[in-house]
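Observations on the three-dimensional arrangement
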Amino acid sequence: MRAGERKDCCYNRGRLSRSTDAPAVRRKGLLLVSGALFLVCALISSLPAAIEKPGPADVIKRFNSTLLESMKKADELGYRGRYNLLEPIIRDSFALSFMADQSVGRYWRGLKEEERKAFLKTYTEWTIATYAARFDGYSGEKFETVSESGPERGIVTVLSKIIEPEKDSVDFYYKLRKMDNKWLIVDIQMSGVSQLALTRAQFVSVIKNKGFNNLAAMLRKKIEAFAKGKEQ
Amino acid sequence: MKTRFQGNGSGRQTAGRCFEKISLGLVLMFFLLLPVIVYAETPSSSGAKEGAVAGEAGPGGADISKKDGADVTDAAAEKETGPEEIAPEESIPDPLEPWNRAMFTFNDRLYFWVMRPVSKGYNAVFPEPVRVSVNNFFSNLSTPVRFVNCLLQAQLKCAGIELARLSVNSTIGFGGLFDVARYNWHMEKQDKDFGQTLGSYGIKDGFYIIWPFLGPSSLRDTVGMVGDGYLTPWDYLTPWYNAAGADAGNYFNENALTIDDYKDFKESAIEPYVALRDAFFQHRQSLYKKE
């Protein structure tokens, strides 16, 4: 009997609330639905952003991961295979056009459009070839992305280490700048030496003493030497 | 080999005389080269001069500074380069370039013809841990160089670390053979030398100079090298060839540890002479900036 009473009581309470608070319930439902819709919209809109716009550290992590893969498969891939594996990630992670411009310093402005395009092509190939030739083996190294600092005058610095067993780790300070809504590597510093400044010192010296065409020829020669010397 | 430290007596006097001669030579050289330094530091020094040479390139040459006429003159281009630049273009005084290039070639051949093959043999006989221990031993012995330069740069913490490292490594590290201080207590070696100390006092690099066997340096760092010599214990060994032998042994062992670095560096470089000069100055400047 008590159970029945409880049943009635509950039933009555249900009926009572349904009959008296119907608009409130509808409002609640609407609120819930709109909230869910809002969440879904927010999720949808934020997802592509998260996928399409990796942060500076993500760029380095992705680059390191491909570099490590290339090192691990170095013998199997050979020079050409490493080149092909690294090409897309280097093109995607480095501000190659900006770096090529900076590498020839003030002489960039004196170049005609077709000369710039040709030089950018050679510069890009030389950059990839250097990586493919230099990172040509694996002896237990691992990469670690340690910190991210900045931005300072638009440049974010990501510290990444290459750790080799039983050896001192080597610090790489990657300098990244946001270009076309994307973080791209513009320079790498090791032991206080900026690779971009180092490249520029050499390029400018060659242009001054031997001319621009000779610089392009020297780069092409270097690419060929890498290909010949390192082909496995 | 006799390797006794001279607490007193004729040995130290001989070493002292030897250093006095070297120092006197360097001071004389400094004064002889003073006009060159002044020339190198003037605004119309190497960088501007090189620019002028580029402008003088012969007809039909590929020099772009001439090719497109007025819009690519150095001066105009200089004005245009501005906020876009990530690292400013700096000219490095190199008035001794002919000498330096000759020494670069000498050292380069010494490396490829002698040092590298001999080091390969040395590395094959002595495993890496042995070579690292030899390096640790010399590094521990040269603590006075780093300790005194920490003090001269008024960096007490740095001096304290060096003192602690010396105590720990000389005892628990078996006379400095093992860098226990670094691996167990994270006390890193403080890379300080007299060249840096002079730099911290505002003394400029002077100019670039490559020494046979020793490699790239600057006028200031060369003077610094002599100063550090006075603080290096094994340089007081007598007779002189023991000191020289210890120096050569340390130099050779240190290079053997990183024997392929120069080869890799040269292979990657487009203009190895310029690359080495630029890397040397950048690295040294980064050490001063750290302070």
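Cut-offs used in this document
Residues numbered from 1 in each chain as written. Chains lettered and ligands numbered in written order. Predicted model: local features only at pLDDT ≥ 70, side-chain atom pairs only at ≥ 80, totals over all residues. Heavy atoms only, no water. Axes fitted to C-alpha atoms, helices over the stretch in contact; angles between N-to-C directions. Helix = DSSP H or I, 4+ residues; strand = E, 2+ residues; numbered from the N terminus. Parallel < 35°, antiparallel > 145°, perpendicular 65-115°, else oblique. Left-handed = near helix turned anticlockwise from the far one by under 90°. Contact = heavy atoms within 4.5 Å. Nonpolar A, V, L, I, M, F, W, Y, C, P; charged D, E, K, R; others polar. Pairing = 2+ DSSP bridges. Buried < 20%, exposed > 50% of the residue type's maximum accessible area, 1.4 Å probe, protein only. Disulfide = S-S within 2.5 Å. Salt bridge = Lys/Arg side-chain N within 4 Å of Asp/Glu carboxyl O. Polar contact = N/O pair within 3.5 Å; in protein donor to acceptor, adjacent residues only side chain to side chain. Arc of directions from axis to C-beta. Phe/Tyr/Trp six-rings, centres within 6.5 Å; stacked < 30°, edge-to-face > 60°. Patch = residues over 30% accessible without salt bridge, like charges linked within 9 Å, V, L, I, M, F, W, Y side chains within 5 Å. Areas by Shrake-Rupley, 256 points an atom, 1.4 Å probe, with all protein chains shown as cover.

So, about the packing of helix H6 (residues 113–134) of chain A against helix H7 (residues 195–210) of chain A. Residue and element names in this part refer to chain A. At a closest axis distance of 15 Å, the pairing of H6 and H7 adopts a crossing angle of 125°. Taken together, H6 and H7 sit at an angle that is classed as oblique. In terms of crossing hand, the pair formed by H6 and H7 is right-handed. Side by side, H6 and H7 meet where Phe 119, Tyr 123 and Trp 126 of the first sit next to Leu 196, Thr 199 and Phe 203 of the second. Across the contact of H6 with H7, the residue classes break down as five nonpolar, one polar and no charged.

Let's shift gears to the pairing of strand S4 (residues 182–190) of chain A. Residues and elements named next belong to chain A. As defined by bridge partners, strand S3 (residues 170–179) adjoins S4 across seven bridges and the pair is classed as antiparallel. By the bridge assignment for S4, Lys 175 is matched with Asp 187. Counted between consecutive antiparallel strands, the loop separating S3 from S4 contains two residues, among which Asp 180 sits at a positive phi close to 50°. Both S4 and strand S5 (residues 193–194) contribute to a ladder of two bridges, which runs antiparallel. Across the sheet, residue Met 190 finds its bridge partner in S5, namely Val 193. With antiparallel pairing between neighbouring strands as the criterion, S4 and S5 make up a hairpin whose turn holds two residues, including Ser 191 at a positive phi of roughly 50°.

The omega angle of the peptide bond from B:Thr238 to B:Pro239 is -15°, so this bond is cis rather than trans. Assignment of secondary structure puts B:Pro239 in the loop between helix H11 (219–231) and helix H12 (240–257). Of note in this structure, A:Ser191 is not a glycine but carries a positive phi near 50°. Within the secondary structure layout, A:Ser191 lies in the loop between S4 and S5.

A word on the environment of A:Tyr79. Residue and element names in this part refer to chain A. Of note, Tyr 79 is situated in helix H4 (residues 74–93). Overall, the relative accessible area of 0% leaves Tyr 79 in the buried class. Along the backbone, Tyr 79 and Thr 157 are 78 residues apart, and their C-alpha atoms lie at a distance of 30 Å.

Residue and element names in this part refer to chain B. For the structure on display, the rule yields one disulfide over all chains. There is a disulfide in this structure between Cys 150 and Cys 158, and the S-S distance comes to 1.8 Å. As the torsion about the S-S bond is roughly -40°, the Cys 150-Cys 158 disulfide counts as left-handed. Taking relative accessible area as the criterion, Cys 150 reaches 0% and is therefore assigned buried.

Turning our eyes to something else, we now look at the pattern of salt bridges. All names here are of chain B. Counting across every chain of the model gives 23 salt bridges over all chains. Glu 271 is paired through a salt bridge with Arg 101; the nearest N and O atoms lie 3.7 Å apart. Linking Glu 271 in the loop between helix H13 (259–268) and helix H14 (272–290) with Arg 101 in helix H5 (residues 97–125), this pair joins segments that are 170 residues apart in sequence. The shortest N-O distance in the salt bridge between Arg 284 and Asp 221 comes to 2.8 Å. Note that Arg 284 is positioned in helix H14 and Asp 221 in helix H11, a separation of 63 residues in sequence. A relative accessible area of 9% places Arg 284 in the buried class. It is possible to trace a salt-bridge network through shared partners that takes in Asp 193, Asp 205, Arg 220, Asp 221 and Arg 284.

Turning our eyes to something else, we now look at the side chain of A:Thr157. All names here are of chain A. For Thr 157, the position within the fold is in strand S2 (residues 155–163). When its relative accessible area of 13% is taken as the criterion, Thr 157 is described as buried. In terms of polar contacts, Thr 157 uses its side chain to reach the side chain of Lys 175, at 3.1 Å.

Glancing now at the sheet that holds S5(A). Taking strand neighbours across the sheet as the criterion, the five strands line up as S1-S2-S3-S4-S5 (chain A) in an open arrangement whose pairing is antiparallel. Of all the strands in the sheet, just strand S1 (142–152) and S5 of chain A have a single pairing partner and so form its edges.

Below, the discussion takes up helix H7 (residues 143–152) of chain B. All names here are of chain B. Turning to H7, its buried residues are Thr 143, Val 145, Arg 146, Asn 149 and Cys 150. For H7, the angular spread of the buried residues around the axis is 165°, confining them to a single face. Considering only its buried residues, H7 is in contact with helix H6 (128–141), helix H8 (156–171), helix H10 (194–200) and H11. Looking one or two residues beyond H7, the residue adopting positive phi is Ala 154, at roughly 55°.

Now for the packing of aromatic side chains. Residue and element names in this part refer to chain B. Across all of its chains, the model carries 29 aromatic pairs over all chains by this definition. Here the aromatic rings of Phe 137 and Phe 138 are separated by 5.8 Å at their centres, their planes lie at 75°, and the arrangement is edge-to-face. Its relative accessible area of 34% is what places Phe 137 among the partly exposed residues. Taking the centre distance of 5.7 Å and the plane angle of 55° together, the rings of Tyr 208 and Phe 281 count as tilted. Here the residue Tyr 208 occupies a position in strand S1 (residues 208–211), and Phe 281 occupies one in helix H14, the gap between them amounting to 73 residues. Here Tyr 208 and Phe 281 have matching classes, each one buried.

Judged by side-chain polarity, B:Phe106, B:Phe213, B:Leu214, B:Met225 and B:Tyr251 come together as a nonpolar surface patch covering roughly 470 Å² of accessible area. When you line up the elements, B:Met225 lands in helix H11.

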